[in-house]
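# A closer look at the structure
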Amino acid sequence: SRERYALAADGANDGLWDWNIDTDQLYLSPRWREMLGAEGLPATGITREDWLGFVRPGDLLASRRSLDAHLDGRETHFELEHRMVDGAGHERWMLTRGVVVRDPDGRPRRMAGSLTDVTARKLAEQQLLHDAFHDGLTGLANRALFVDRLSVLLAAESRRHQRRFAVLFVDLDRFKNIN
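Anyway, here's the lowdown on the structure attached to this text. (Residues numbered from 1 in each chain as written. Predicted model: local features only at pLDDT ≥ 70, side-chain atom pairs only at ≥ 80, totals over all residues. Heavy atoms only, no water.)

## Here's the deal with the pattern of salt bridges
The criterion, for reference: The salt bridge definition used is simple: a Lys or Arg side-chain nitrogen within 4 Å of an Asp or Glu carboxyl oxygen. Working definition: with a 1.4 Å probe on protein chains only, accessible area under 20% of the residue-type maximum means buried, over 50% means exposed, and in between means partly exposed.
Counted under the stated rule, the structure contains 18 salt bridges. A salt bridge links Asp-103 to Arg-107; the shortest N-O distance between them is 3.1 Å. In this structure Arg-107 comes out as partly exposed when scored by relative accessible area, which is 42%. One network of salt bridges, with partners in common, ties together Asp-22, Asp-103, Asp-105, Arg-107 and Arg-109.

Here you go:
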């Protein structure tokens, strides 16, 4: 079964981690350290704060809240997409998953999980979103983005009962010829 587990872990191409909550010591698999350019980091002896040190500062609060919600029993599992900063200073989008093991009294004692690099997917999503709202030739905002932003503005203004904006429509004759 150990060989089967090792083969499955290698085949998953995910980084694995195991946290002893009582001692606040983490084990980080070689793949975990490789994905974050932290091969020089020891596999053991890492604390929760060391691990959170890789999380992008803007995502740190959400990471802590999500982790605490699972530890407190408010969530059945820990799953979060967030950015981490690798050893070269580049941001990587990661999907971190984990599950806690509790003692008979319900106190968390251990937590283990995986780390999956989802950077390529997140970049593709961002590109698709950009393409949906921008002209492919000029890179300028298109009608869909205009309608979206105008709808948001109209909704906000209707709540405030103020009308402090105008829409200017410019029509260029034979623009398709210029295009």
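Further notes follow.
## Thoughts on the side chain of Ser-63
We count it as follows: Secondary structure counts use DSSP, requiring at least four H or I residues in a row for a helix and at least two E residues in a row for a strand, with both numbered from the N terminus. As used in this structure description, the phrase polar contact means that two N or O atoms lie within 3.5 Å; if the pair is within protein, one of them must be able to donate a hydrogen and the other to accept it, and residues adjacent in sequence are counted only when both atoms belong to side chains. Contacts between residues were defined by any pair of non-hydrogen atoms, one from each residue, lying within 4.5 Å.
Position of Ser-63 among the secondary structure elements: in helix H4 (residues 57–71). There is a polar contact of 2.9 Å between the side chain of Ser-63 and the backbone oxygen of Asp-59. Aside from chain neighbours lying at most four places away, what touches Ser-63 is Leu-52, Val-55, Phe-78, Leu-80 and His-82.

## Some points on the environment of Arg-64
Tracing the chain through its elements places Arg-64 in helix H4. Linking Arg-64 and Leu-52, residues 12 residues apart in sequence, is a C-alpha distance of 8.3 Å. The contacts of Arg-64, once residues within four sequence positions are left out, are Arg-48, Glu-49 and Leu-52.

## Side note on unusual backbone geometry
For Asp-24, which is not glycine, the phi dihedral falls at a positive 55°. Within the secondary structure layout, Asp-24 lies in the loop between strand S1 (15–20) and strand S2 (25–28). According to the relative accessible area criterion, Asp-24 is partly exposed, its value standing at 26%.

## Some thoughts on the pairing of strand S5 (residues 108–117)
This is how the line gets drawn: Strand pairing is defined by DSSP finding a minimum of two bridges between the two strands.
As paired strands, S1 and S5 are joined by six bridges and run antiparallel to one another. If you follow Asp-18 over to S5, its bridge partner there is Ala-112. In this structure, strand S4 (residues 91–102) lies alongside S5, joined through nine bridges in antiparallel fashion. Paired with Val-100 across the strands is Met-111, a residue of S5. Count of turn residues in the S4/S5 antiparallel hairpin: five residues, of which Gly-106 carries a positive phi of about 90°.

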